[in-house]
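Okay, here's what each chain looks like letter by letter:
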Amino acid sequence: MDSEITLLAGTAGTTIAALLATDTWNGVRNGVITLWRRARPDHEEQIAAQLDTSRQDLLGARSNGDEEAEREIAAEWQGRIRRLLVAHPELVAELRSLLTELDPGAPVIPTVTQRATASGSSRVYQAGRDLNLDQR
């Protein structure tokens with residue numbers, strides 16, 4: 001589940017950052033606040049303020065030609081969302097639904113399930129992404 005949460009949080013962070021400066025801004029803001037409200041209602045005002053700050057930072061960066069700012073903002077939101085989902089995995093389906101609603105043309109985020117059984121002296125290697133082995 002952890003690799004799925006990391007992948008989902010990465011997509012969410014990128015989507016949020018990309019949509020901060022668009023006409024769908026209010027939908028993004030409301031959706032993210034609603035998600036947080038379900039798990040951490042005591043953080044609702046803080047998340048709203050962070051979204052507003054991220055939007056202002058992004059708009060300012062774009063007007064100054066700072067291309068790195070959007071990646072930084074996406075990374076910040078990826079971290080926030082990953083931590084929320086680790087603490088509240090029941091929100092995964094709701095976040096998937098929100099992302100589909102916010103960006104219907106985006107690819108569907110796959111569900112990752114891995115199972116392995118090893119016995120004796122056998123080895124099992126699994127990876128949700130890159131896997132580098134150096135055995136000698």
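Let us look at the structure shown here.

**Describing the packing of aromatic side chains**
Applying the stated criterion to the full structure yields one aromatic pair. Plain terms: the ring middles of Trp36 and Trp77 are 6.2 Å apart, the flat faces sit at 85° to each other, and that makes the pair edge-to-face. Here Trp36, found in helix α2 (residues 25-39), pairs with Trp77, found in helix α4 (residues 68-87); they are 41 residues apart in sequence, far enough to count as distant. Classification of Trp36 as buried rests on a relative accessible area of 6%. Among the residues examined, Trp77 registers a relative accessible area of 0% and is labelled buried. Looking at Arg80, its charged tip hangs above the ring of Trp77, at a distance of 4.4 Å from the centre.

**A short note on the packing of helix α1 (residues 2-19) against helix α5 (residues 92-102)**
Angle between the axes and distance between the axes are the two parameters that describe a pair of packed helices. Between α1 and α5, whose axes approach to 11 Å, the crossing angle comes to 35°. The interaxial crossing formed by α1 with α5 has left-handed handedness. Where α1 abuts α5, its residues Glu4, Ile5, Leu8, Thr11, Ala12, Thr15 and Leu19 lie against Val92, Leu95, Arg96, Leu99 and Leu102. Looking at side-chain class alone, the contact of α1 with α5 contains eight nonpolar, two polar and two charged residues.

Thresholds applied
Residues numbered from 1 in each chain as written. Predicted model: local features only at pLDDT ≥ 70, side-chain atom pairs only at ≥ 80, totals over all residues. Heavy atoms only, no water. Phe/Tyr/Trp six-rings, centres within 6.5 Å; stacked < 30°, edge-to-face > 60°. Helix = DSSP H or I, 4+ residues; strand = E, 2+ residues; numbered from the N terminus. Buried < 20%, exposed > 50% of the residue type's maximum accessible area, 1.4 Å probe, protein only. Lys NZ or Arg CZ within 6 Å of the ring centre and 35° of its normal. Axes fitted to C-alpha atoms, helices over the stretch in contact; angles between N-to-C directions. Left-handed = near helix turned anticlockwise from the far one by under 90°. Contact = heavy atoms within 4.5 Å. Nonpolar A, V, L, I, M, F, W, Y, C, P; charged D, E, K, R; others polar.

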